[in-house]
Amino acid sequence: MKPMRRLFKQANIASQDNPMPAIADVLVDESGVIRDVSPDIPPSTDMKVLDCSNKILLPGLFDMHVHLREPGREDKETIETGTNAAINGGISGILAMPNTDPPIDSGGMVRFVRAMARDRSGIPVLTSGCITKGRAGKSLADLADMHTQGAVMITDDGSPVADPYLFRRALEYSRHFDIIVASHCEVPELSRGGAMNEGAQSYRLGLPGIPACSEEISIERDLRLAQCADARIHIQHISTARGLAIIRRFKEEGVRVTCEVTPHHLLFSDNDIQDYNTHLKMNPPLRSPEDNKALLDGLNEGLIDVIATDHAPHTRFEKELDFASSPFGITGLDTALISLFTHLINKGLIGWDCLVRRFASEPRRILQLEPADIVTGSTADFIVFDPNGRTHVNNSFIKSKSINTPYLGLELCGSVDMMVRGTEILLDRGGCRNEPLFSSKGGME
Ligand SMILES: [Zn+2]
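Values in this document were obtained by computation on a predicted structure and should not be read as measured data.

Which parts of the structure should I look at to understand the sheet that holds strand β7 (residues 91-96)?
Strand-to-strand pairing in sheets goes through backbone hydrogen bonds, with the strands running parallel or antiparallel. Spatially, eight strands are ordered β6-β7-β8-β9-β10-β13-β14-β15 in an open sheet, and the strand pairing comes out parallel. The outermost strands of the open sheet, each flanked by one partner alone, are β6 (61-66) and β15 (306-307). In the sheet, strand β9 (residues 153-154) pairs with strand β10 (residues 180-183) via two bridges, with the strands oriented parallel. From the neighbouring strand, Met 153 faces β10, where its bridge partner is Ile 180. Helix-sheet contacts for helix α7 (residues 212-229) involve β10, β13 (233-235) and β14 (257-261), and the interaxial angle to β13 is about 170 degrees.

Explain helix α4 (residues 164-177) to me, please; I cannot follow it from the model alone.
An α-helical turn contains 3.6 residues, so a residue and the one three or four places further along point in the same direction. Under the 1.5 Å per step criterion, the end-to-end length of α4 is 20 Å for 14 residues, consistent within 8% with the ideal 20 Å. Taken together, the buried residues of α4 touch α3 (143-148), β9, β10, α7 and β13. Two or three places before Tyr 165, at the opening of α4, Asp 163 has a side-chain oxygen 2.8 Å from that residue's backbone nitrogen. One or two steps after α4, the chain reaches Asp 178, where phi turns positive at roughly 55 degrees.

What's the story with the coordination of the zinc ion in this structure? I'm lost.
Asp 157 (OD), His 184 (ND1) and His 237 (NE2) make up the full set of protein donors to the zinc ion, lying at 2.0 to 2.3 Å. For the zinc ion, the single-chain donor residues occur in sequence as D-x26-H-x52-H. With His 184 in the loop between β10 and α5 (188-191) and His 237 in the loop between β13 and α8 (241-252), this residue pair connects regions lying 53 residues apart in the sequence. Look at His 184 and you get buried, because its relative accessible area is 4%.

In this structure, what is going on with the packing of α8 against helix α10 (residues 289-301)? I would like to understand it.
How two helices pack is summed up by the angle between their axes together with the distance between the axes. α10 packs onto α8 with a crossing angle of 30 degrees between their chain directions and a minimal axis gap of 8 Å. Here α10 runs roughly parallel to α8, going by the angle between their axes. Judged by residue contacts, Ala 241, Leu 244 and Arg 248 of α8 engage Asp 291, Ala 294, Leu 295, Gly 298 and Glu 301 from α10. Grouping the amino acids of the contact of α8 with α10 by side-chain chemistry returns four nonpolar, one polar and three charged.

Rules used throughout
- Residues numbered from 1 in each chain as written.
- Predicted model: local features only at pLDDT ≥ 70, side-chain atom pairs only at ≥ 80, totals over all residues.
- Heavy atoms only, no water.
- Pairing = 2+ DSSP bridges.
- Helix = DSSP H or I, 4+ residues; strand = E, 2+ residues; numbered from the N terminus.
- Contact = heavy atoms within 4.5 Å.
- Axes fitted to C-alpha atoms, helices over the stretch in contact; angles between N-to-C directions.
- Expected span 1.5 Å × (residues − 1).
- Polar contact = N/O pair within 3.5 Å; in protein donor to acceptor, adjacent residues only side chain to side chain.
- Donors = N, O, S within 2.8 Å, 3.2 Å for Na, K, Ca; no water.
- Buried < 20%, exposed > 50% of the residue type's maximum accessible area, 1.4 Å probe, protein only.
- Parallel < 35°, antiparallel > 145°, perpendicular 65-115°, else oblique.
- Nonpolar A, V, L, I, M, F, W, Y, C, P; charged D, E, K, R; others polar.

In structure tokens form, the structure reads like this:
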């Protein structure tokens with residue numbers, strides 16, 4: 001089929017500048033570039049016209065914290081299934097974490113994974129590398145080689161770099177390569193053996209706790225080291241109010257720190273773990289309702305830079321183990337947007353501007369990628385979202401190979417109807433009626 005122009009009629013365009021979307025028409029030309037965004041673009045016979053009234057167009061989201069499990073644990077996820085889950089959820093680009101098996105800790109591994117991703121993914125898959133060889137925390141990995149092969153971040157995510165000397169050296173080297181050092185903050189000696197947040201709930205359930213101070217002490221240490229090294233640092237999946245207060249202090253002192261929060265740390269607390277549901281077990285663990293509130297405030301204020309899922313697929317067998325034994329982590333790619341829409345946007349707790357800024361614009365800015373704004377002249381990279389739709393989160397909806405999500409079996413508000421990237425339509429649930437404007441000429445598809 002020859003490429004044609006597409007006209008998205010009467011769409012509500014979400015941007016990082018307005019809490020409420022503004023109505024406009026969007027014309028994407030045959031080369032996949034947005035040619036025009038204006039109030040009323042007249043259709044012509046060479047256009048496919050899609051009625052987007054009551055739909056929201058927003059930039060494709062970018063998730064900078066994803067575990068794809070390939071190579072090594074293809075029973076949990078592959079690059080192909082993981083990126084299909086991303087597309088399913090309205091996420092048009094991801095950054096893969098390096099804690100695969102073997103870990104991505106050399107230039108060769110970075111090259112290998114990038115080549116696989118190019119073959120198997122419909123969306124950009126960026127790659128990160130380990131800070132330490134084998135993610136073992138003993139010696140530094142070859143940062144220069146990984147950077148040369150295209151790694152954009154280094155992190156031992158899943159574990160902290162316990163040795164402050166090594167972490168300091170990594171920060172110092174990183175300045176030469178313009179690569180971001182990202183930190184999973186935890187003091188292993190404090191959280192060892194823990195299964196959930198330490199507090200009244202863990203005592204009640206009789207589960208070993210992970211204290212908030214484990215994360216907070218580590219954030220404090222890493223930011224101080226970044227300050228010493230004058231390096232950029234990104235704090236992954238923050239979960240506590242105090243951790244956020246520490247980040248605020250260092251930001252005020254001029255340290256180049258960014259941080260991310262996951263949808264689940266915004267939407268769930270340890271109070272929700274009533275029946276030992278392993279789909280609420282992750283690391284860092286769900287904290288208190290007060291922490292939820294502080295994270296939401298931090299997001300609205302802009303203290304939190306990024307929303308990222310920490311998509312962590314695990315097999316059904318592993319998640320059916322008892323709470324203390326089952327692995328940490330839940331999936332997020334399929335459900336991040338609809339869960340945030342249902343529980344935050346729909347309730348007026350955040351605006352569309354916050355979502356677009358934190359989940360589309362900032363991750364791309366931090367990683368020095370092209371923005372995905374819906375403006376004239378940029379390559380189309382947006383999704384069509386139906387705020388009146390409903391999504392039943394069941395096995396046929398989920399595209400991830402794993403189903404370890406607390407939303408399994410639930411219905412969420414909103415539906416990702418379509419994903420447009422350049423000339424390609426990567427997802428189309430048929431939510432946008434094709435307008436037969438020129439039926440007399442029979443010129444439509
Ligand atoms: Zn982590």
